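What the coordinates show
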Amino acid sequence: MALPKTIRSIARNLRFWIVLAVWAASLLFVLFQGGKTSLMLLAMISVLVVYLIAGGLGGIRRVHGHRSLSTEQGEALHAGDQVKVSLNFGVPGFLPMPYVIIREVMKRHNGETWSFEESVIPDFRGSGQLMFQTPPLARGSYFFTETECITEDIFGLIEHKGSIHIPGQFRVLPRTVFIPGWKMLNKNSRLAGPQRAASSRRETTQINGVRDYVYGDRISRIHWNATARTGSWKSKEFEYDSVPKIMVVLDAISANYQTDNQFELAVSTAASLINYASRERLCMGLATTADQFKMFAPSETYSDRQRMMHHLVDLKADGYGNLLQKLEKSGRLIPFGSMFVLISPQSGNQVLELLRWADTRGFTPAYIQVSASESDKNSKQGWVSMLQAKGTFGCAVTDLSELPAALGGGRA
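Residues numbered from 1 in each chain as written. Predicted model: local features only at pLDDT ≥ 70, side-chain atom pairs only at ≥ 80, totals over all residues. Heavy atoms only, no water.

1. Description of the overall build of the protein chain
Per the secondary structure count, the protein chain includes eleven helices and 18 strands. By the burial criterion, 44% of the 412 residues in the protein chain qualify as buried. Across the protein chain, every contact between residues at least 6 apart in sequence was considered, and the portion connecting residues at least 24 apart equals 70%. Put simply, the protein chain shows about 21,600 Å² of open surface, and 54% of that area lies on carbon and sulfur atoms. (Helix = DSSP H or I, 4+ residues; strand = E, 2+ residues; numbered from the N terminus. Buried < 20%, exposed > 50% of the residue type's maximum accessible area, 1.4 Å probe, protein only. Contact = heavy atoms within 4.5 Å. Areas by Shrake-Rupley, 256 points an atom, 1.4 Å probe, with all protein chains shown as cover.)

2. Some words on the sheet that holds strand β16 (residues 339-344)
The six strands lie next to each other as β15-β14-β13-β16-β17-β18, forming an open sheet whose pairing is mixed. At either end of the open sheet lies a strand with only one pairing partner, and these are β15 (293-299) and β18 (393-397). When strand polarity is set aside, the average angle formed by the axes of neighbouring strands in this sheet is 15°. Direction of pairing for strand β13 (residues 245-250) relative to β16: parallel, over a ladder of five bridges. By the bridge assignment, M247 is partnered in β16 with F340. (Pairing = 2+ DSSP bridges. Axes fitted to C-alpha atoms, helices over the stretch in contact; angles between N-to-C directions.)

3. Details of the pattern of salt bridges
Following the criterion strictly, the structure yields eleven salt bridges and no others. Measuring nitrogen to oxygen at the nearest pair gives 3.9 Å for the salt bridge that ties R108 to E264. With R108 in strand β4 (residues 100-108) and E264 in helix α5 (residues 260-280), the pair connects residues that are 156 residues apart, well separated along the chain. When its relative accessible area of 22% is taken as the criterion, E264 is described as partly exposed. In this structure, the salt-bridge partner of R125 is D123, at a minimum N-O distance of 3.8 Å. The exposure class of D123 is partly exposed, given its relative accessible area of 31%. Three or more residues are tied together by salt bridges with common partners; here these are R108, E112, R139 and E264. (Salt bridge = Lys/Arg side-chain N within 4 Å of Asp/Glu carboxyl O.)

4. Some words on the nonpolar core
Counting residues in hydrophobic clusters, the biggest one holds 41 residues, and the most contacted among them are W182 and L273. Contributing elements (two or more residues each) for this core: β13, α5, β14 (283-289), α6 (302-313), β16, β17 (364-370) and β18. Broken down by element, this core gets its largest block of residues, ten residues, from α5. Contact partners of L273, with chain neighbours within four places excluded, come to I179, W182, V248, M284, V341, I343, I368 and L407. Core analysis: the next-biggest nonpolar cluster, separate from the first, contains 25 residues, V63, V85, L87 and F170 among them. (Core = buried A, V, L, I, M, F, W, Y, C linked by side-chain atoms within 4.5 Å.)

5. As for the packing of helix α8 (residues 349-360) against helix α10 (residues 381-389)
As a packed pair, α8 and α10 sit with axes 12 Å apart at the nearest point and diverge in direction by 20°. For the element pair α8 / α10, the angle class is roughly parallel. Two packed elements cross with a definite hand, and for α8 against α10 that hand is right-handed. Only W383, M386 and L387 of α10 make contact with α8, whose side of the interface consists of V351, L352 and L355. (Parallel < 35°, antiparallel > 145°, perpendicular 65-115°, else oblique. Left-handed = near helix turned anticlockwise from the far one by under 90°.)

6. What to know about the sheet that holds strand β3 (residues 84-90)
The antiparallel open sheet is built from three strands, whose spatial order is β1-β3-β6. Strand pairing shows two members of the sheet lacking a second neighbour, β1 (64-69) and β6 (127-133), which therefore form its edges. Each adjacent strand pair in this sheet contributes to an overall mean axis angle of 15°, direction not counted. Inspection of the sheet shows β1 paired to β3 by six bridges, in the antiparallel sense.

7. Regarding the confidence of the model for the protein chain
With 82% of its residues at a pLDDT of at least 70, the protein chain reaches an overall mean of 80. Put simply, helix α1 (residues 2-11) is where the protein chain has its lowest mean pLDDT, 57, and β16 is where it has its highest, 93. Ignoring residues within four places in sequence, the model shows residues 187-201, a span with pLDDT below 50, making 37 contacts including any to other chains. (pLDDT = per-residue confidence, 0-100.)

8. A short note on the packing of aromatic side chains
When we look at a pair of aromatic rings, we describe it by the centre distance and by the angle of the planes. Overall, the coordinates contain ten aromatic pairs when judged by the stated rule. Ring centres of F116 and F132 lie 4.6 Å apart, and the angle between their planes is 25°; on these two criteria the pair is classed as stacked. Of this pair, F116 sits in strand β5 (residues 113-120) while F132 sits in strand β6, placing them 16 residues apart in sequence. One exposure class covers both F116 and F132, and it is buried. (Phe/Tyr/Trp six-rings, centres within 6.5 Å; stacked < 30°, edge-to-face > 60°.)

9. As for α8
Counted at 1.5 Å a residue, the expected span for α8 with its twelve residues is 16 Å, and the 16 Å between its end C-alpha atoms agrees. Taken together, the buried positions of α8 are occupied by V351, L352, L354, L355, W357 and A358. Here the buried face of α8 lies against α7 (323-330), β16, β17 and α10. Positive backbone phi, at 90°, marks G362, one or two positions downstream of α8. (Expected span 1.5 Å × (residues − 1).)

10. Quick word on unusual backbone geometry
With phi around 60°, R281 is a residue other than glycine that occupies positive phi space. A relative accessible area of 41% means that R281 is categorised as partly exposed.

11. Points about the environment of K236
Topologically, K236 is positioned in strand β12 (residues 234-240). Take K236: its relative accessible area is 21%, and that puts it in the partly exposed class. C-alpha separation for the pair K236 and G209, spaced 27 residues apart in sequence, amounts to 6.3 Å.

12. Looking at the environment of V49
The topology assignment puts V49 in helix α3 (residues 36-57). With 30 residues separating them along the chain, V49 and V19 place their C-alpha atoms 7.1 Å apart.

And the structure:
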């Protein structure tokens, strides 16, 4: 398949036909005129034609390579990070090449593309290396398409192309902010629901396992049998009281968002709450109302929280319909007595109806509004204050840096 394609590519090149026409004229010159000059001219043009054909049939069309990414060490990437890419390539054969243009195309899960193009001068063995750095990346799944390699013969007459497919993909987690505390989870707050904060959870007398000794552990916590058996200090791990259950509901209906940045703020807010729950040992779940409704049951295990975070990586605001109707179908899956935290740009009767529905189901409603601008936030501040006056936790943010203060835990 590659050979016919190469021949068709050469045949479509106008410069090749011009060179071939000159060769035909030189041949006729030899046949009708003769002499050493005509033979020498025919020989030179014949060598040129053979060189052009050989360069088209081989060389760059059989290029091979290897790509390495700075993410291969396993570190997690967050929104705003950059990735260093190194592409090593080799062109088989012995024909000289003045340069090779490398064109890399990187795609995001939503269809956005970035193109990186650079010229590289290969060494005498036809090998070269291209290194570049991506711009600051937004959250999402990224992958590389086919790498295109372009070169010309040393005379600049015919352009030759080749391509290689080197799989390479990585994921960028949403941007997050550190949340010192949450006023709603404070047991002394009038906004607190039936659940208790993680900081108020007390250890029981039931041993849950054995862990490594931590400096400061009391003598009574030391597990002497495990210490003697392993040869290193071990401490007893006790079970905690019942774990608070929180369900974060992220509005992903496209008609509700004015800009893409507004939806990114909503996703980052949910991701920051998941990190907060992980640090405070809270039992948190996640529900997203995109085109495909997705719900993760409240859990405090690391693996479940990682699944939630990776779900947010390529989440798109492609949902449609009514938010309340979507939740009514799956509301029975939310544990009774859970804290119901809605993250949405909506306001007014629709949100009031949704929060009222959550309250009648035995949930403790809370609302975090993501605003498109400061003026939008100010125009709806009275509505948020009305929720707080009714005893429902509510806040509004226009930037992720405002979230810690809005939750009542101070600034990040």
